[in-house]
Structures are given as C-alpha cells and as structure tokens.
Amino acid sequence: MSDGVLEQLTGPGGPFEIVVEDVLGHPTQVYKRRMHSLRELMVQSAARADLEWLVHPTPKASDSQRYTYGEHDRLARVAAATLSALGVERGDRVALCSANDPAWVVTWWACAIIGAVVVPLNAWWKTEELDFGMVDSGAKVLIADSRRLALFGAKPEHVFEIGASFNDLIAGDDPGMPTGPIDEDDILAILYTSGTTGRPKGATITHRQALANLQNIIVTGTAAVRRGTPPSEAEAGLRASSLLVVPLFHVTGCLATMMLNYATGAKLVLMPVGRFEPETAMQIIEKEQITAIGGVPTIMWRILEDPNLEKYDLSSVKRASYGGAPAAPELVERIAKFFPNLRKTLTTAYGLTETASVATAHGGEDYFAHPGSVGRAVPTVEVRVVDDERDAPAGERGEVWIKGPTVMARGYWQRPDANEAAFSDGWFRTGDIGYLDPDGFLYLVDRAKDMIIRAGENVYSVEIENVLFDHPDVVDAAVVGVPHRTLGEEVKAVVQVRPDSTVTESDIRTFCAAHLANFKVPEYVDIRTEPLPRNPAGKVLKNLLRGRETSFAAGDDQAL
C-alpha cells in the first residue's frame, strides 16, 4: 500500500529524507538530517527553558514537584559534573533503580550528556536479580530510592539515595554543558530483559537508537496530521501533556514517552509513587489537563471500569496509545464509546527493548480497518516474516525479523552467545511468530520464545521454572500463560512434587516470591504427583496446562 504523505516527507529533498548508511558494518536506513547525541537534544531545549516540563503530584499538593525545562536541565548538568568529578567517564555505567521520580529523569539526562551509560534496573526485582544487574553491568555508581536501596547486596563505592544523599549530586552552580566527545553509536543505556536461559540479558541502547525512535514517532505523527486525521491539542486550546502510567525503566516509559515529550516540548506528569489507582489518574487528568494517555491495555481497562469514571472531566484527552499486550476488541469498543474523540487518534504499536521501542504502529481508521494487526513498519524500520530462512508469502506465518537504526547494533551486553543466536546479517530475530498481509500490516500470532506478557511485563517461563526446580519438593515444573481479560495473561505453574510432599500452593508462591519479582510469581499453582504431559521428544505439552483466569492481584506494585 503506497503512502504518498510519508513518501513526500521521507523521499529525496523531503524534510525527513531517508538515506542508506553503514551502521556498524550493516547498510541501514537512517535520516539524512538527524541529531547525533542526546546532548544535542538538551541544547535545543534551551529555547523552552521557561516551559513547565516535569510534574510529580503527591497526595499533599504542597509537596508536589514541578520543574521547567530550564530547571531540569540545570540539575542534569550539575549532576553530570558531580558524576564526572567522581571519576565517571564516557562509557562507564551508572545503575539507577527507583519508582518513577524526577530524580530518575534527571539522572538519565545527566548520564546522557557526559556519555556515561545509564543502567535502569527493574524496580520490581528482588535482591538476587538486582545484584545480578549490578555485577553484570559493572556499574561504578548506584542511584536508588530507599525502598530499593535496602534490597541491594552488591553495591559500588558511590551510592546515592533519592530524597537524601541524591541532593548532594545536584547541589552546586550550573557548570554548563559538558564538552567531551559522544558518538551516535556510543551506548546510552543498558536495559535488562528477562532471559530465556534464566538470566536477564542487557539490551544495549545507543544514542542513535533512541534518537531514531523519536524521529520515527515524530514523522509518523507528522504524516497523520498532514492527512488531516487527528485534531491537535492547539486546536482545542490545550498544551500537549502526557500522563506516564508505566515504569520509566521500560522502553515505553523512557524512550517512547519521557524522551518523546522532552523532544516535543510537552509536559510530562508522573503518577504518585505506589500501586496504580485509576481514580488518582482521573483526578490528575482533570487537574493537569492531560491530553495524552497510554501504556498497556490493563491501565485502560482499569480507568474505564472504575465506578467513579463519570465524576471526572476527562475531555482534555485527545490521544491514547498502548502496546505491550494484546487488546481485546471489547476494550477498543469501550474506549471509542467513552472517548469518542479518540477514534481518530487511538494508536497501538509493537516493539521490543531490543528495537528501542516502536517497530510497527498504526492508528486512526487504519486501526479499525485492520483489527488485530500491530500496524506497519515505521519509517527507517524494515520488517520481514521468515520461515525456514526464506521470506514467507503474505498471509503465511514465520518468525518476525526487524532491521533499522533502532535495532541494537551493539547487541546484548557481554553476551556474544546470545548475539549470535539473535542476529542474522544485521536482522534481529524477535522470536515472535506472525504474518504480513498484502498491504504490509503485521499480525502477531504466537511467541516462539515461550514468553508470557502480563500487564505489559515480559515474563519468560524458563526463568520461573529454574526457580521452581530449586525447591526441594519439586520433581518437575512447567510455567504457562493463561488468559486474563485486563492483564492480558497471568502466570500459571504446574509442578510435580515428591509423592510424600505436603507442600502447598502458598508454599510454592512464597518460595518464588523470595527469588523473583512479584509480577513473575505464579498466580496459579497446580500441584500434582503424576508426571507432566510430554510429547515423544520429551517436550512438555504446555497447551494442555493452560487454564482459568483471575482478578487483578491485590498486591501488585506498579513501581510508578
């Protein structure tokens, strides 16, 4: 399907002209005119120094934090200078672990402008997982909130606690912008993904990837505006603003939301720390005149099903987007009914940590014309569906392969084995199974990596199974995802125990909780003494183990 608007924008002489250049040994589509580091992006933001940028509401309004672009950038420059004085140099790692907080954002940008590598650790992890991330990344500095700091066993020489000693990091006069060299293929961040072998893998994100993702999203949005599809915030007399309802340590939070808002001069509002509460979100939307919301389908469900939905004026919301988990048709219908203005702006996207967020996207009428699809490849990104090393014809299934400037050309951190398995001549093999229709729209049908997506969180079965096997009463174990209306999927463990075992479902869940983040702990545990069903090759028949669904777990901490 030809898209004349995109062709005008990205073709020869267009404002977003795409050319082919060598990127670490592979010919890759890139924008001819582009920034080369996040430092350049911060320099550009000086023109909006007086605009409000970052808001963090608290239950007590007087304690809420509000920062303009100028105030935030000054703090980032001070923090960058302090880190440099501690010996943090280009390429050194700085670990960051906290609930969503302005200090998280300041740290991200401070590291970026000195060429350091920020390592946002999953704030839901437990001690074993956190220590692995610290040791594997070799971080020189740890910045964390008090709750997470108490969990670390392995700590570097320099540790800063958000809300306490972190203030020392941002104290002092503005030293100005650092001047050391930064290359666009320098690593900006290491984001850990759950590993199929039981250990997380560090996906490297370069400055090139992060900026290309931004430009892809902006070009896609510009094309939509030129088609006359979505109404702009300006037309409604509103300033563009987003409510961040997903963790910053995810690519959706840091790359597709936080950085996008920063680059476009929008206002970013963080949810208060703690478990996501839909009524709190609605209060903030009304007060801050939020124009864009998004995240995973779970968040949208919880807002739409809240009994107090009718109490709040949510008319400022002009845009909604989500990804990370399947969206039920019923959810789409309810969004369109309660937010009628969103029909033209409702978007969904597909991507991975390894692709620096968005790889395919679609919205507006395309969304409804191709139900079930995750859209077409965004500009500069190429998508193939490969079956037995050949491109599968339209409609036929295969593994989804992705190539482009957003794909991690530097691979997984210190994992040559994983890189060899994940790449083929510059193409990233996602492990997801899908097909392309004749118009180039991608449909996902399965996951070759045996991954469960729970409320947007990737959960790999093998990681949980490895923990279960460590339990003294467990003889065999298999973990599967079971359908859930709002979470997408829940985790179910089926375990074979010793014949004389008295272990209970609660015992198994408690054992898992001591070693795994809460979202990985099985909601269901099926205990049996008979062997698990296996095929002649010895592989567990997981399709026979899936079962019922459950309500949203009361103990979930959204780490916001």
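In what follows, the structure referred to is the one given above.
(A) Summary view of unusual backbone geometry. Non-glycine residue Ser357 carries a positive phi angle of around 100 degrees. Here Ser357 shows up in strand 16 (residues 357-363). Residue classification places Ser357 among the buried positions, given a relative accessible area of 6%. Unlike most non-glycine residues, Asp425 shows phi in positive territory, near 55 degrees. Within the secondary structure, Asp425 is located in the loop between strand 21 (423-424) and strand 22 (427-436).

(B) Spotlight on the sheet that holds strand 28 (residues 524-528). Strand order in this open sheet of three strands is 26-27-28, and the pairing throughout is mixed. In this open sheet, the two edge strands, each paired with only one partner strand, are strand 26 (474-484) and strand 28. Each strand of the sheet is rotated relative to its neighbour by a mean of 20 degrees, with strand direction disregarded. Packing against the sheet, helix 15 (residues 461-469) makes contact with strand 26 and strand 27 (488-497), and its axis sits at approximately 145 degrees to strand 26. On top of the sheet, helix 16 (residues 505-513) reaches strand 26 and strand 28; it is set at about 125 degrees to strand 28, its chief contact.

(C) Representation of the packing of helix 8 (residues 207-226) against helix 9 (residues 251-264) within the structure. Two elements in contact, helix 8 and helix 9, have axes separated by 10 Å at closest approach and are oriented at 75 degrees. Considering the angle they form, helix 8 stands roughly perpendicular to helix 9. Residues Ala210, Asn213, Leu214, Ile217 and Ile218 of helix 8 touch helix 9, and the partners they reach there are Leu255, Ala256, Met259, Leu260, Ala263 and Thr264. Each residue belonging to the contact of helix 8 with helix 9 can be placed in one class, and the counts come to nine nonpolar, two polar and no charged.

(D) View of helix 16. Among the residues of helix 16, Ile508, Phe511 and Cys512 are the ones counted as buried. Summarising the axial view, the buried residues of helix 16 lie within an arc of 100 degrees, below the 170-degree limit, and thus occupy one face. For helix 16, the elements touching its buried residues are helix 15, strand 26 and strand 28.

Reading the values: the criteria
Residues numbered from 1 in each chain as written. Predicted model: local features only at pLDDT ≥ 70, side-chain atom pairs only at ≥ 80, totals over all residues. Heavy atoms only, no water. Helix = DSSP H or I, 4+ residues; strand = E, 2+ residues; numbered from the N terminus. Buried < 20%, exposed > 50% of the residue type's maximum accessible area, 1.4 Å probe, protein only. Pairing = 2+ DSSP bridges. Axes fitted to C-alpha atoms, helices over the stretch in contact; angles between N-to-C directions. Contact = heavy atoms within 4.5 Å. Parallel < 35°, antiparallel > 145°, perpendicular 65-115°, else oblique. Nonpolar A, V, L, I, M, F, W, Y, C, P; charged D, E, K, R; others polar. Arc of directions from axis to C-beta.

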